[in-house]
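# Per-entry structural report
The residues making up each chain are set out below.
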Amino acid sequence: MNNRMWGGRFAAGPDATLEEINASIDFDRHLYRQDIAGSKAHAAMLKKQGIIAAEDAQKIARGLDTILSEIERGEFKFKRALEDIHTHVEARLKELIGAAAGRLHTARSRNDQVATDLKLYVREAIDGLDRSLAELMRALAEKAAAHAATVMPGFTHLQPAQPVTFGHHLLAYVEMLARDRGRLADARKRLNESPLGAGALAGTPFPIDREATAKALGFDRPAANSLDAVSDRDFALETLSACAIAAIHLSRFAEEIVVWTSPAFGLVKLSDRFTTGSSIMPQKRNPDAAELVRAKAGRIIGALMQLFVVMKGLPLAYAKDLQEDKEGTFDALSTLALAVAATTGMVRDLEPDEKRMKAAAAEGYSTATDLADWLVQNLKLPFREAHEITGKIVARAAALNLSLTRLPLSEMQAIERRITADAAKSLSVHRSVRSRTSYGGTAPRNVRAQAKKWLKRLQREPKR
Ligand code: ARG
């Protein structure tokens, strides 16, 4: 069968392999809503500009509504031979309303059509991600407020470094996610120019009104260069980059959940709702959701890399290569949405083991810096000298197999005779976190204020 949309100059139908490699309907059917919305805006504009008759425009609009509900009810028949969503909609429109359907494609090409559809799709996905990232931030900030004073070990090199509060740790992710939302918002702003009306590549001789279709579809303005309009995919690259960075943030948090819930650490517990069992080892509680969130970053980064490679070296304007922009983009957007939802669920679910956290916070001489700071503040020693003395004290404690809090004062005084009992107080993990009141520091007072600030900010923000 010749393709009804472009078969005019062809004597024979396509080879089966061509049909298979050329067809995009299996994935671009996801664009049906955007495609129909674009066609409705286009038809209304053609009518208003006197390019098609009002009667035809009305038939077209009604036919498009029928198609929309047919697809939504699952009654629409998709066929490989019809290539893509654009030709499917037009072919069905012809069946429904006859010859008038043929007027819809006046002053339009599938090239500006598909660019418009994909932009609308990506824009909607950005809005959805923005809402769910805000939800995740809220869950994190709520948990942080509840655990503003819960002491946990802070790590560098995954070695005990200094005690921090659990709330502070959670709020670190709130900061990252806020930047992720900022990047998505930036991408959305730049994306929001309408390709519709660019035609195949050069514009059109018809007196179209691109401002009108742009406005009808929620774009800020029409894209200014028709060649760019049909071949730009950097809106997808930019969105995928923002998604990849967000996915990396989620994967870092997921990794921490995996580590924290391992009995060897035992810092955090997930309930039955977010753990799975093993088919052979009855004792197991596996953090599968966290592991999958950790892994999903791979797919999302993969989609970004794939599109980078597709775009590299592609001459202007449209080339069929651009059809390869969709599967990875769709997959990455829905994968990130799922990963955000799973992470939100885990944040709400997880509970720290406060006793274990506190004990672990004191392990590994984590308050040694506090002792060094005491020497600087009270004995006016230069920090380097204080560091050296504290190092010796830690070595002595290690040799005696004692924690710093258990090390007798006399042992410390043997190394620096001016150390007093007050110094020993600086070794408590609670005092350590309480003392870190510098802006951005881990002191419970700071954490409480930051959590409150975020919760207020998130509550105030306008819903998109
Ligand atoms: N399915 C095509 C795509 O996704 C639509 C545009 C086709 N344009 C063309 N000149 N063949 O890119």
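Residues numbered from 1 in each chain as written. Predicted model: local features only at pLDDT ≥ 70, side-chain atom pairs only at ≥ 80, totals over all residues. Heavy atoms only, no water.

## A few points about the overall build of the protein chain
Filter applied, for reference: Elements are defined by DSSP. Helices are runs of H or I of four residues or more, strands are runs of E of two residues or more, and each kind is numbered from the N terminus. When accessible area is computed with a 1.4 Å probe and restricted to protein chains, residues below 20% of their type maximum are described as buried, those above 50% as exposed, and intermediate ones as partly exposed. Pairs of residues are marked as contacts when any of their non-hydrogen atoms sit within 4.5 Å. Accessibility throughout is a Shrake-Rupley quantity obtained with a 1.4 Å probe, and a residue counts as covered only by protein chains that appear here. Positive charges are assigned to Lys and Arg, negative charges to Asp and Glu, while His and the chain termini are left out of the count. Note that the charge is assigned to NZ on lysines, CZ on arginines, CG on aspartates and CD on glutamates.
Scanning the protein chain from terminus to terminus reveals 19 helices and six strands. Principal-axis analysis of the C-alpha atoms gives the protein chain an extent of 100 × 50 × 40 Å. When the 464 residues of the protein chain are sorted by exposure, 48% land in the buried category. Intrachain contacts of the protein chain at a sequence separation of at least 6 include 76% that bridge at least 24 residues. When the accessible surface of the protein chain is summed, it comes to about 22,700 Å², and 54% of that surface belongs to carbon and sulfur atoms. Charged side chains in the protein chain number 68 positive and 57 negative. The centres of these two groups are separated by 6 Å.

## Structural notes on the environment of Lys-355
With respect to the element layout, Lys-355 can be found in helix α13 (residues 354–362). A relative accessible area of 74% places Lys-355 in the exposed class.

## Notes on the packing of aromatic side chains
Let me state the cut-off plainly: Any two rings among Phe, Tyr and Trp, with Trp reduced to its six-membered ring, count as a pair given centres within 6.5 Å; such a pair is stacked if its planes are under 30 degrees apart, edge-to-face if over 60, and tilted if neither. Placement of a positive charge over a ring is assigned whenever Lys NZ or Arg CZ falls within 6 Å of the ring centre and within 35 degrees of the normal to the ring plane.
In total, this model carries six aromatic pairs according to the counting rule given. Aromatic pair Phe-166 and Trp-260: ring centres 5.8 Å apart, planes at 70°, arrangement edge-to-face. Placement of Phe-166 in helix α7 (residues 166–191) and of Trp-260 in helix α10 (residues 234–261) is noted, with a sequence separation of 94 residues between them. Using a relative accessible area of 0% as the deciding quantity, one classes Phe-166 as buried. On the accessibility criterion, Trp-260 (2% relative accessible area) is buried. An aromatic cluster is present here, built from Phe-166, Tyr-173, Phe-253 and Trp-260 joined pairwise through their rings. The cationic tip of Arg-29 hangs over the ring face of Phe-78; the distance from NZ or CZ to the ring centre is 4.0 Å. A cation sits over an aromatic face here: Arg-457 above Trp-454, 4.7 Å from the ring centre.

## What to know about the packing of helix α3 (residues 32–48) against helix α5 (residues 85–97)
Under the convention used in this document: Comment: axis = line fitted to C-alpha atoms, over the contacting stretch for helices; angle = value between 0 and 180 degrees taken between N-to-C directions. Each angle receives one of four descriptions, namely roughly parallel if under 35 degrees, roughly antiparallel if over 145, roughly perpendicular if within 65 to 115, and oblique otherwise. What makes a crossing left-handed is the near helix being turned counterclockwise from the far one by less than a right angle; a clockwise turn instead makes it right-handed.
In the contact formed by α3 and α5, the axes pass within 10 Å of each other and the chain directions differ by 60°. One finds that α3 runs oblique with respect to α5. For the crossing formed where α3 meets α5, the hand is right-handed. Counted together, Tyr-32, Asp-35 and Ile-36 of α3 and Ile-85, His-86 and Val-89 of α5 form the full contact between these two elements.

## Here's the deal with the site of the ligand
As a reminder, the rule being used: It suffices for a single heavy atom of a residue to lie within 4 Å of a molecule or strand for the residue to be listed as near it. Polar contacts, as counted here, are pairs of nitrogen or oxygen atoms within 3.5 Å of one another; within protein the pair requires one atom able to donate a hydrogen and one able to accept it, and residues that are adjacent in sequence qualify only if both atoms are side-chain atoms. Here the nonpolar group is Ala, Val, Leu, Ile, Met, Phe, Trp, Tyr, Cys and Pro; Asp, Glu, Lys and Arg are the charged ones; every other residue, Gly included, is treated as polar.
Taken together, the residues surrounding the ligand are Ser-24, Asp-28, Asp-84, His-86, Arg-110, Asn-111, Val-114, Tyr-318, Lys-320, Gln-323 and Lys-326. A distance of 3.0 Å is found between a nitrogen atom of the ligand and a side-chain nitrogen or oxygen belonging to Asp-84. Note that a nitrogen atom of the ligand is positioned 2.9 Å from one of the side-chain N or O atoms of Asn-111. When isolated, the ligand has an accessible area of 340 Å², and the protein chains bury 86% of it. Looking at which element gives the most residues to the shell around the ligand, the answer is helix α6 (residues 110–146), with three residues. In the shell around the ligand, the residues fall into two nonpolar, four polar and five charged.

## Side note on the pairing of strand β1 (residues 151–156)
Rules: Any two strands with at least two DSSP bridges between them are considered paired.
The pairing of β1 with strand β2 (residues 159–165) spans six bridges and is classified as antiparallel. Bridge pairing in β2 places Gly-154 opposite Gln-162. Where β1 folds back on β2, the antiparallel hairpin that results is connected by two residues, among which His-157 adopts a positive phi of roughly 60°.

## Notes on the pattern of salt bridges
Rules: Any carboxyl oxygen of Asp or Glu within 4 Å of a side-chain nitrogen of Lys or Arg constitutes a salt bridge here.
Applying the stated criterion across every chain yields a total of 32 salt bridges. The partner of Glu-351 in a salt bridge is Lys-143, and the shortest N-O contact between them spans 3.0 Å. Of this pair, Glu-351 sits in strand β6 (residues 351–352) while Lys-143 sits in helix α6, and the two are 208 residues apart along the sequence. Ionic contacts of the salt-bridge type, sharing partners, join the residues Glu-83, Asp-84, Arg-110 and Lys-320 into one network.

## Digging into the packing of α6 against helix α12 (residues 326–349)
At a minimum axis separation of 9 Å, α6 and α12 run at an interaxial angle of 15°. Between α6 and α12, the angle is such that the two are roughly parallel. Judged by the sense of rotation from one axis to the other, the crossing of α6 with α12 is left-handed.

## As for the nonpolar core
What counts is decided by this rule: For our purposes a nonpolar core is just a set of buried Ala, Val, Leu, Ile, Met, Phe, Trp, Tyr and Cys residues, chained together by side-chain atoms within 4.5 Å.
The biggest cluster of nonpolar side chains holds 95 residues, and the ones touching the most others in it are Leu-140, Phe-253 and Leu-336. For this core, the element with the highest residue contribution is α10, accounting for 15 residues. Contacts of Phe-253, omitting those with residues within four sequence positions, involve Leu-140, Leu-170, Tyr-173, Trp-260, Thr-343, Val-347 and Leu-350. Membership of the second largest hydrophobic core comes to 18 residues, among which are Ala-368, Leu-379, Ala-397 and Leu-404.

## Comments concerning unusual backbone geometry
Along the chain, Leu-316 connects to Ala-317 via a cis peptide bond; the corresponding omega equals 0°. Along the polypeptide, Ala-317 turns up in the loop between α11 (288–311) and α12. In this structure, Tyr-365 takes a positive phi of about 55° despite not being glycine. One can find Tyr-365 in the loop between α13 and α14 (368–379). For Lys-380, which is not glycine, the phi torsion reads 60° and is therefore positive. Secondary-structure assignment places Lys-380 in the loop between α14 and α15 (383–399).

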